[in-house]
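Architecture and fold: a report
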Amino acid sequence: MESSGTLYIVATPIGNVADISERARQTLAEVDRILAEDTRTTRKLLEHYGIKTPCDAVHDHNERDKVSLIAQWLQSGQNLALVSDAGTPLISDPGYHVVSSLRQQGFHIVPIPGPSALTAALSVCGLATDRFCFEGFLSSKSAGRRQRLSLLAREKRTLVFYEAPHRLLASIEDMSEIFGPEREASLCRELTKTFETIWTGPLSQLAAFVGADTNQQRGEAVILVAGEASASKQDSLSQDDEHLLEILVAELPLKKASVLAAKYTGKAKQAFYQYGLSLSGDDAG
Ligand code: SAM
């Protein structure tokens, strides 16, 4: 691979075109070819920087087929840059198959780090950042989304989700129901752009804020949710408590079963509700 070219994985701005590193600009200007998720989007960005490097489309639908051609270009000594429409390639964006396959083949692959909505949102949301888990996009279907959220209900690390505008409110409402209305969360919307909004507070209030203002349901958004706090006495269920809920939920919808179990034991109804969800892994009513 001595005489082969290098593949640069280049982060580009997530909104504000000034958010590009000197090294990213230089790399995009100097490589022989840019592999772009959408060549029209990338050409517009390049025009802004006065860069004329030719672009070639590499996206979700063709990246598996393109790997051998990209390998040939590198073998012939060409240097290449891979970019996505915005932010860091491979972070909920194409490029995984290209990088994984070319790395296995021993090619030289170099990161040119820069913007990502993930790190930008974490850096300003005010929730814990020492440990977090990136969940990317939830399922576009309500049942799949709720099932995934139920599995994450006991996660202690800060959760980070990307979400499409038309599903934003429904997702936040589901989070409020499944994680509990008091759980702290943050909406980081249109980061680095004119209508940037960063709102942090309990999930129920976030749902009300987004529901009351359709402008908040537009544009690009990251939702972050605090991890589950260490269980308090009120929240931790004994084996007897769990057994009680199992009996009740066999006869009643989960919401009703949780209220009755909470009344009987003095424990938090949310703790029963979350335990019930974990039993079915889905919406149990
Ligand atoms: N690769 C990109 C990155 O590094 O962030 C993410 C690409 S993914 C297809 C697009 C999603 O990222 C959007 O739906 C939104 O959730 C998030 N996103 C991208 N730009 C954003 C911005 N300026 N503000 C808030 N979220 C953004």
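Above: the structure in question.
Below is a summary of the structure that appears in this document. Keep in mind it's a predicted model, so treat the numbers as computed, not measured.

1. Here's the deal with the sheet that holds strand 10 (residues 221-225)
Strands pair in a sheet through their backbones, by hydrogen bonds, and they do so in one of two ways: parallel or antiparallel. Strands sit in the order 6-7-10-8-9 across an open sheet of five strands; the sheet is mixed. At either end of the open sheet lies a strand with only one pairing partner, and these are strand 6 (132-137) and strand 9 (197-202). With direction set aside, neighbouring strand axes in the sheet form an average angle of 15 degrees. The strands touched by helix 7 (residues 168-179) are strand 7 (158-163), strand 8 (184-189) and strand 10; relative to strand 10, the strand with the most contacts, the crossing angle is about 5 degrees.

2. Concerning the site of the ligand
Around the ligand, a shell composed of 19 residues is seen, among which Asp-93, Ser-116, Ala-117, Tyr-162 and Ala-221 lie nearest. In the environment of the ligand, an oxygen atom lies 2.9 Å from a nitrogen or oxygen atom belonging to the backbone of Thr-88. Taking Ser-116, its side chain carries an N or O atom lying 2.8 Å from an oxygen atom of the ligand. For the ligand, whose free accessible area comes to 570 Å², the fraction covered by protein is 91%. When residues of the shell around the ligand are traced back to their parent elements, those giving at least two are strand 7 and strand 10. In terms of residue class, the shell around the ligand is made up of ten nonpolar, four polar and five charged.

3. Structural notes on the packing of helix 9 (residues 239-249) against helix 11 (residues 269-280)
Orientation of helix 9 relative to helix 11, taken along the N-to-C sense of each, is 65 degrees, at an axis distance of 10 Å. One way to sum up the angle between helix 9 and helix 11 is to call them roughly perpendicular. Here helix 9 and helix 11 pass one another in a crossing that is right-handed. Of the residues in helix 11, those in contact with Asp-241, Glu-242, Leu-245 and Glu-246 of helix 9 are Phe-272, Tyr-275, Gly-276 and Leu-279.

4. So, the packing of aromatic side chains
Counting across every chain of the model gives three aromatic pairs. Taking 5.4 Å as the distance between ring centres and 15 degrees as the angle between the ring planes, the aromatic pair formed by Trp-199 and Phe-209 counts as stacked. With a gap of ten residues between them, Trp-199 in strand 9 and Phe-209 in helix 8 (residues 203-212) connect regions that are remote in the sequence. One residue, Arg-33, lies across the ring of Trp-73, its end atom 3.8 Å from the ring centre.

Reading guide: rules and limits
- Residues numbered from 1 in each chain as written.
- Predicted model: local features only at pLDDT ≥ 70, side-chain atom pairs only at ≥ 80, totals over all residues.
- Heavy atoms only, no water.
- Pairing = 2+ DSSP bridges.
- Helix = DSSP H or I, 4+ residues; strand = E, 2+ residues; numbered from the N terminus.
- Axes fitted to C-alpha atoms, helices over the stretch in contact; angles between N-to-C directions.
- Contact = heavy atoms within 4.5 Å.
- Near = heavy atom within 4 Å.
- Polar contact = N/O pair within 3.5 Å; in protein donor to acceptor, adjacent residues only side chain to side chain.
- Areas by Shrake-Rupley, 256 points an atom, 1.4 Å probe, with all protein chains shown as cover.
- Nonpolar A, V, L, I, M, F, W, Y, C, P; charged D, E, K, R; others polar.
- Parallel < 35°, antiparallel > 145°, perpendicular 65-115°, else oblique.
- Left-handed = near helix turned anticlockwise from the far one by under 90°.
- Phe/Tyr/Trp six-rings, centres within 6.5 Å; stacked < 30°, edge-to-face > 60°.
- Lys NZ or Arg CZ within 6 Å of the ring centre and 35° of its normal.

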